[in-house]
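As a plain string of letters, each chain reads:
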Amino acid sequence: MLLMGEIARMNASKYPNKKAVVYEDKESLTYAQLNEQANRLAHALHSLDVKQGQQVSLLARNRPQHVVSYFACAKIGVLHCPLNYRFTAEELVYVINDAGSSVLLVDIEYADIVRKILPQLPKIRSVIGFGGDHGFDLDYDRLLATMPSTEPAPERPIHGDDVCWVCYTGGTTGMSKGVMLTHNNNFAQITNLLIADEICHEDVNLVNGALFHVVFTMALPYWYAGCTVVIIDFVPDLCLDMIAKNRVTKTVPVATMLNLLVDIQARNPRDLSSLKHFGMGGAPVSIDTVTAAREAFGIDFVQYFGQTEATVQLTYLSRYDYQRGLSPQASDIEKKRLMSGGRAQHLCEIKIVDDEDNQLPNGTVGEICGRGPQVMKGYWAKEQLTAETLKGGWLHTGDMGYMDDDGFVYVVDRKKDMIVSGGENVYSTEVEKAIYRNNQVLECAVIGLPDKKWGEVVAAFIVRKPDATITENDVQIFVRELISHYKVPKIVNFIDALPKAPTGKIQKVVLREKYWADASRRVGGT
């Protein structure tokens, strides 16, 4: 498999003047410029005595430096370690110290918090600032200007199974875990997406998600194919404007973004005729939302299911599955498959297991497990957790679901999100799908709340669409026609916004914490 640093080098030769990275309306890099900057940064890291196998941390919103750092580190066997810019000072201290980084690249926006925590970062020897008058001794542009542009040499040969970057997950459910992703993991992601997304050299990709997240790897196949990748900090109007201006062909909004884009495009239409499809992931997407988006944008869809530990993807539902399921002639099974996560990705296997790790028959709910070359090497400095998660050579996802006789995987819930009410298992995603069928609902999240009688009761947190008038009673009456009575939310709270991670995923743990803080145990999980 190809080493990741080779992508920048090879495309600098093949497509030197083609734009590789476009950052909003502010900056762009051709493939020649991207490779040159990556080479200069790699030499700079060597000059700062960063050794092969060590991590280099970066703290910034979506900026071109993320891309440069990724390829620079890959060229010399150093591990790219982007940081969650929404972490608290305490969380940043933990992650940077856990990573053991000696060099930190930081955007001016986060200069003050870095100065505040530096005394707690004993291993950091050098801070490289960028983006303005940051006040650090080393400036990114000035430092790179003093370095050679020649291809750097690693201390020793780099192999496909060497770690390429470390992606720290979480930060709200406990201490963050560093997911170690190798060159082979990243190339498997490239291979899977080249097929699933039918990527060609003429495509233009737009990245909506945070580049510190593993969503970064969804841009890799586009760089591999010599495409232009547009990066933005997600704002709905900006997203639609950049699609129109750059003639974007493919992008991946998570479900929460999709609802906003449909609403804004309806109120202020742009010329989005270049779009071919939306990829979707991060949360269940209702058929009504898909139908509305298809009408708004006139495009196809691809659905992904996975997690950071699988370099994003384990399964995908192809655009052809969507076309068949949305057709007026669709059979019942073709319609049902629209609510699945699709089949295993091309380089992946899937099985469903019980709590004793026994494989379950088709149609039986259990934990979804996957294996293949995209599955992580392990967690940084967490051998026991790695062994538990990769037990028997399979990634145990913590997601509950089942597989049908044709290999389609249906995700019913996270283990921790399953609600146990009066001894009955209630899957929060099933309730959410029912609620989303109401056209006055913009977003929703369903969790279990502590209850002395039932153990837990089903509670829905809903963001209404503008001018919606739906009430708690309206919601309960509406979903009672769609799901069993014990699954109907006993509590409905209307709120202005749902808490979200930078990726756009709804953070149910934040919703739970207020209600579970004083509870002695949590029936449905942590």
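Residues numbered from 1 in each chain as written. Predicted model: local features only at pLDDT ≥ 70, side-chain atom pairs only at ≥ 80, totals over all residues. Heavy atoms only, no water.

(A) Spotlight on the overall build of the protein. Assigned secondary structure in the protein consists of 17 helices and 26 strands. Against the compact-globule benchmark of 24 Å for 526 residues, the protein has a radius of gyration of 23 Å, which places it among compact chains. For the C-alpha atoms alone, the extent of the protein along its principal axes is close to 70 × 50 × 45 Å. Here the protein, with 526 residues, has 58% of them falling under the buried criterion. Residue pairs at least 24 apart in sequence account for 68% of intrachain contacts in the protein once pairs closer than 6 positions are excluded. As displayed, the protein has an accessible area near 21,200 Å², and 49% of this comes from carbon and sulfur atoms. Computed over 55 positive and 63 negative side-chain charges, the separation of the two mean positions in the protein equals 0 Å. (Helix = DSSP H or I, 4+ residues; strand = E, 2+ residues; numbered from the N terminus. Rg over C-alpha atoms; globule rule 2.2 N^0.38 Å. Buried < 20%, exposed > 50% of the residue type's maximum accessible area, 1.4 Å probe, protein only. Contact = heavy atoms within 4.5 Å. Areas by Shrake-Rupley, 256 points an atom, 1.4 Å probe, with all protein chains shown as cover. Lys, Arg positive; Asp, Glu negative; His and termini not counted. Charge placed at Lys NZ, Arg CZ, Asp CG, Glu CD.)

(B) Layout of the pairing of strand β3 (residues 55–59). Most of β3 sits out of view: five of its five residues are buried. Alternating positions in β3 separate into two faces, Gln 55, Ser 57 and Leu 59 on one and Val 56 and Leu 58 on the other, with burial throughout. By the bridge criterion, five bridges tie β3 to strand β4 (residues 79–83) in an arrangement that is parallel. Considered in β4, the bridge of Val 56 is made with His 80. In this view, the connection linking β3 to its parallel neighbour β4 by way of helix α3 (residues 64–76) has right-handed handedness. By the bridge criterion, four bridges tie β3 to strand β5 (residues 103–107) in an arrangement that is parallel. Each bridged residue has a counterpart across the sheet, and for Ser 57 the counterpart in β5 is Leu 104. (Pairing = 2+ DSSP bridges. Right-handed = clockwise from strand over helix to strand, strands pointing away.)

(C) Structural context of the pattern of salt bridges. According to the stated counting rule, one finds 25 salt bridges in the structure shown. One salt bridge connects Lys 75 with Glu 151, and the closest N-O pair in it is separated by 2.8 Å. Note that Lys 75 is positioned in helix α3 and Glu 151 in the loop between α6 (140–145) and β8 (163–169), a separation of 76 residues in sequence. On the basis of relative accessible area, Glu 151 is assigned to the partly exposed category, the value being 36%. Of the charged contacts, one joins Arg 371 and Glu 349 as a salt bridge, the two residues approaching to 2.9 Å between their closest N and O atoms. One end of the pair, Arg 371, is in strand β18 (residues 366–371); the other, Glu 349, is in strand β17 (residues 349–353), and 22 residues separate them in sequence. Take Arg 371: its relative accessible area is 34%, and that puts it in the partly exposed class. Within this structure, Glu 198, Asp 300 and Arg 319 form a network of salt bridges that share partners. (Salt bridge = Lys/Arg side-chain N within 4 Å of Asp/Glu carboxyl O.)

(D) How the structure looks around the confidence of the model for the protein. Across the protein, the average pLDDT comes to 91, with 95% of residues at or above 70. Counted against residues more than four places away or in other chains, residues 519–526, with its pLDDT under 50, gives 16 contacts. (pLDDT = per-residue confidence, 0-100.)

(E) Representation of the sheet that holds strand β24 (residues 441–451) within the structure. Read across the sheet, three strands follow the order β24-β25-β26 without closing on themselves; strand pairing throughout is mixed. Among the strands making up the open sheet, the edge pair consists of β24 and β26 (491–494). Strand-to-strand twist across the sheet, computed as the mean angle between neighbouring axes with direction ignored, equals 25°. Pairing between strand β25 (residues 455–464) and β26: four bridges, direction parallel. (Axes fitted to C-alpha atoms, helices over the stretch in contact; angles between N-to-C directions.)

(F) Quick peek at the packing of helix α1 (residues 5–14) against α3. Interaxial distance between α1 and α3 falls to 7 Å at its minimum, and their mutual angle equals 105°. In terms of their interaxial angle, α1 and α3 are classed as roughly perpendicular. When α1 is examined against α3, the residues Gly 5, Ile 7, Ala 8 and Arg 9 are found in contact with a partner set consisting of Phe 71, Ala 74 and Lys 75. (Parallel < 35°, antiparallel > 145°, perpendicular 65-115°, else oblique.)

(G) The arrangement of α3 in detail. The first and last C-alpha atoms of α3 sit 19 Å apart over 13 residues, in line with the 18 Å expected at 1.5 Å per residue. Most of α3 sits out of view: 13 of its 13 residues are buried. (Expected span 1.5 Å × (residues − 1).)

(H) Molecular detail of the nonpolar core. Counting 80 residues, the largest nonpolar core has Met 4, Leu 41, Phe 71, Leu 105 and Trp 223 as its most contacted members. It is α3 that contributes the most residues to this core, eight residues altogether. In this structure, Trp 223 is in contact with Ile 7, Asn 11, Ala 20, Val 21, Tyr 31, Val 67, Phe 71, Phe 216 and Val 229, ignoring residues within four places of it in sequence. Val 204, Leu 275, Phe 301 and Tyr 322 belong to the second largest nonpolar core, which has 35 residues in total. (Core = buried A, V, L, I, M, F, W, Y, C linked by side-chain atoms within 4.5 Å.)

(I) Here's a closer look at unusual backbone geometry. One non-glycine residue, Arg 247, adopts positive backbone phi at about 55°. Looking at the element boundaries, Arg 247 is found in the loop between α9 (236–246) and β12 (250–251).

(J) Expanded view of helix α4 (residues 89–99). Where α4 is concerned, the buried positions are Glu 91, Leu 92, Val 93, Val 95, Ile 96 and Ala 99. Packing partners of the buried residues in α4 comprise β3, β4, β5, α5 (111–117) and β8. Within two residues after α4, Gly 100 carries a phi angle of roughly 75°, on the positive side.

(K) Main features of the packing of aromatic side chains. This structure, assessed with the given rule, holds 15 aromatic pairs. Measuring from centroid to centroid gives 4.9 Å for Tyr 70 and Phe 216, while their planes differ by 45°, and the two rings are tilted. Here Phe 216 lies in the loop between β10 (204–207) and α8 (220–224) and Tyr 70 lies in helix α3, a separation of 146 residues in the sequence. Each of the two residues, Tyr 70 as well as Phe 216, counts as buried. (Phe/Tyr/Trp six-rings, centres within 6.5 Å; stacked < 30°, edge-to-face > 60°.)

(L) Looking closely at the side chain of Lys 508. Mapped onto the secondary structure, Lys 508 falls in helix α17 (residues 508–516). Ignoring any residue separated from it by four or fewer positions in sequence, one finds Lys 508 in contact with Asp 417, Ser 428, Glu 432, Ala 445, Val 446 and Ile 447.

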